[in-house]
Amino acid sequence: MRRKMAAGNWKMNGTEASLAEVDALIAAHPAPACEVLLAPPATLIAAMAARARGTKLAVGGQDCHCAASGAHTGDIAAGMLADAGASHVILGHSERRADYGETDAQVCAKATAARVAGLVSLICVGETEAQRDAGETLAIIGGQLGGSVPEGADGSNTVVAYEPVWAIGTGRTPTLAQIAEVHDFLRAELSARFGAEGAAIRLLYGGSVKPVNAAEIFATLNVDGALVGGASLKAADFGAIITALEAG
Ligand code: PGA
């Protein structure tokens, strides 16, 4: 049985004052029936983890380097995220793939480093609008999945997020049939490669998930939760998404 997961990605948003939203979220959802994760900017990981200690809220990073330490100015090692109190890390988000040219091989190396550091990786895949229009969606996603998910991935160390690039931050979402098609494909690919371990890897949908559309997305087969950007910044919005997931 795959445990449902609501993951929030704050991206480059939030300062110390934003931690009031975390306190509000914990107060409103002290014992969620699903796993709840927030990934703030690196500057807030330690402070958020301190607020979350002893609660059900997990804290994650938004990226890590593939090396354990060294001369990599501005980068953060997976072990440093763990040391700051993180238990998870988002890897291969389309914004990092687009802004920094991150390749599948780099994402795969980061995921291996994360596992060594004891972190759960949330590995992101997704097609652009042009790729969807060209009928390449499953080929693109299959390539990203195969290249980004390392050997040894299983349900305890890996989560995969399907995030169509054209749905991120746009208010547009795929049809439920489009989400189901991709999630069915991801489930089949992971099961073919990893067997029972692959069947245990959770699949999150991400891209303009809001309180208003969460329930129908969560009712879709092979959707085990959501990776939420904008709507994770406010406790009320993210809380409503958690409630929808608990009910689903
Ligand atoms: P969004 O972002 O919910 O703001 O569309 C999703 C994501 O990038 O994870």
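Look up a bit, the structure's there.
What counts, and where the lines are drawn
Residues numbered from 1 in each chain as written. Predicted model: local features only at pLDDT ≥ 70, side-chain atom pairs only at ≥ 80, totals over all residues. Heavy atoms only, no water. Helix = DSSP H or I, 4+ residues; strand = E, 2+ residues; numbered from the N terminus. Contact = heavy atoms within 4.5 Å. Phe/Tyr/Trp six-rings, centres within 6.5 Å; stacked < 30°, edge-to-face > 60°. Buried < 20%, exposed > 50% of the residue type's maximum accessible area, 1.4 Å probe, protein only. Near = heavy atom within 4 Å. Polar contact = N/O pair within 3.5 Å; in protein donor to acceptor, adjacent residues only side chain to side chain. Areas by Shrake-Rupley, 256 points an atom, 1.4 Å probe, with all protein chains shown as cover. Nonpolar A, V, L, I, M, F, W, Y, C, P; charged D, E, K, R; others polar. Salt bridge = Lys/Arg side-chain N within 4 Å of Asp/Glu carboxyl O.

Colleague: Just to check I follow, could you spell out the side chain of Ser121 for this structure?
Modeller: Looking at the element boundaries, Ser121 is found in strand β5 (residues 120-125). When residues no more than four places from it in sequence are discounted, the contact partners of Ser121 are Val89, Leu91, Ala111, Ala114, Asn157, Thr158 and Val159.

Colleague: Help me understand the packing of aromatic side chains in this model?
Modeller: Each aromatic ring pair is described using two quantities: the centre-to-centre distance and the angle formed by the ring planes. If you walk through the whole model with that rule in mind, you get one aromatic pair. With a centroid separation of 6.1 Å and 65 degrees between ring planes, the pair formed by Tyr162 and Tyr205 is classed as edge-to-face. A residue pair is termed long-range when its members are at least 10 positions apart, and Tyr162 in strand β6 (residues 158-162) and Tyr205 in strand β7 (residues 202-206) qualify at 43 residues. Pair check on accessibility: Tyr162 and Tyr205 agree, each one buried.

Colleague: Mind showing me how you'd approach the site of the ligand here?
Modeller: Near the ligand lie 13 residues; those nearest to it are Lys11, His93, Glu163, Gly169 and Ser208. One of the side-chain nitrogen or oxygen atoms of Lys11 is found 2.7 Å away from an oxygen atom of the ligand. Between an oxygen atom of the ligand and a main-chain N or O atom of Gly169, the distance comes to 2.6 Å. Contact with the protein chains removes 97% of the 280 Å² of surface that the ligand exposes when unbound. Along the lines of polarity and charge, the residues of the shell around the ligand split into four nonpolar, seven polar and two charged.

Colleague: Explanation requested: the pattern of salt bridges in the structure shown.
Modeller: Note on pairing: side chains with opposite charge can pair once their charged atoms come close. For the coordinates displayed, the defined rule picks out 14 salt bridges. A salt bridge links Asp63 to Lys110, with the shortest nitrogen-to-oxygen separation between them at 2.7 Å. In this pair, Asp63 is assigned in the loop between β3 (57-61) and α3 (78-84) and Lys110 in helix α5 (residues 104-116), connecting sequence segments 47 residues apart. Overall, the relative accessible area of 14% leaves Asp63 in the buried class. Overall, the relative accessible area of 10% leaves Lys110 in the buried class. In this structure, Arg187 engages Asp224 in a salt bridge whose closest nitrogen and oxygen atoms are separated by 3.3 Å. One end of the pair, Arg187, is in helix α8 (residues 176-194); the other, Asp224, is in the loop between α10 (211-218) and β8 (225-228), with 37 residues separating them in the sequence. Here the salt bridges do not stand alone but share partners, grouping Asp63, Arg96, Glu102 and Lys110 into one network.

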